[in-house]
Amino acid sequence: MHHNRLMTVDELAEYLGKKPAWIYNNHRILGIPSRKVGGSLRFRLSEVDRWIDRECPVSA
């Protein structure tokens, strides 16, 4: 998957192993970086990966 491409909610849900409803219900609460394009939520993979690195640090 190209890192700068915008993903749909369904694509992000698959990438994160979550259901699309989880994305809709939690993207604002958790601060998942998103944008509206034509009224639809979109997510840039590179921004989501940075968010994951910040919010979910690897434990030793």
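Just above sits the structure.
Enquirer: Is there a simple way to think about the pairing of strand 3 (residues 40–44) in this case?
Expert: The side chains of a regular strand alternate between the sheet's two faces. Burial along strand 3 is one-sided: Leu41 and Phe43 are buried, and none of Ser40, Arg42 and Arg44, which face the opposite way, are. Of the strand pairs in this sheet, strand 1 (residues 6–7) and strand 3 are connected by 2 bridges, and their pairing is antiparallel. Across the sheet, the residue bridging to Leu6 is Arg44, located in strand 3. Where strand 2 (residues 35–37) folds back on strand 3, the antiparallel hairpin that results is connected by 2 residues, among which Gly38 adopts a positive phi of roughly 60°.

Enquirer: Before we go on, may I ask you to explain the environment of Val48 in this structure?
Expert: Within the element layout of this structure, Val48 appears in helix 3 (residues 45–55). With relative accessibility at 0%, the residue Val48 sits in the buried group. Through-space distance from the C-alpha of Val48 to that of Pro20 is 15 Å; in sequence the pair is 28 residues apart. Once residues within four sequence positions are removed from consideration, Val48 is found in contact with Leu12, Leu16, Ile32, Pro33 and Phe43.

Enquirer: Just to check I follow, could you spell out the packing of helix 1 (residues 9–16) against helix 2 (residues 20–30) for this structure?
Expert: Between two packed helices, both the angle of their axes relative to each other and the distance between the axes serve to describe the pair. As a packed pair, helix 1 and helix 2 sit with axes 8 Å apart at the nearest point and diverge in direction by 100°. With respect to helix 2, the element helix 1 is oriented roughly perpendicular. Every residue of helix 2 that contacts helix 1 at Val9, Asp10, Leu12, Ala13 and Leu16 is listed here: Pro20, Trp22, Ile23 and Tyr24. In terms of residue class, the contact of helix 1 with helix 2 is built from 8 nonpolar, no polar and 1 charged.

Enquirer: I keep staring at helix 1 and nothing clicks. Help me out?
Expert: Turn by turn, an α-helix covers 3.6 residues, leaving residues three or four places apart pointing in a common direction. Listed as buried for helix 1 are Val9, Leu12 and Ala13. All buried residues of helix 1 fall inside an arc of 100° around its axis, so they share one side. When the buried face of helix 1 is taken as reference, the exposed residues oriented beyond 90 degrees from it are Asp10 and Glu14. In this structure, the buried side of helix 1 is in contact with strand 1, helix 2, strand 3 and helix 3.

Enquirer: What's the story with the environment of Glu47 in this structure? I'm lost.
Expert: You can see Glu47 is positioned in helix 3. Between the alpha carbons of Glu47 and Ile32 there is a distance of 8.5 Å; along the sequence they are 15 residues apart. With near-sequence residues (within four places) excluded, Glu47 lies in contact with Pro33 and Arg35.

Conventions used here
- Residues numbered from 1 in each chain as written.
- Predicted model: local features only at pLDDT ≥ 70, side-chain atom pairs only at ≥ 80, totals over all residues.
- Heavy atoms only, no water.
- Buried < 20%, exposed > 50% of the residue type's maximum accessible area, 1.4 Å probe, protein only.
- Helix = DSSP H or I, 4+ residues; strand = E, 2+ residues; numbered from the N terminus.
- Pairing = 2+ DSSP bridges.
- Contact = heavy atoms within 4.5 Å.
- Axes fitted to C-alpha atoms, helices over the stretch in contact; angles between N-to-C directions.
- Parallel < 35°, antiparallel > 145°, perpendicular 65-115°, else oblique.
- Nonpolar A, V, L, I, M, F, W, Y, C, P; charged D, E, K, R; others polar.
- Arc of directions from axis to C-beta.

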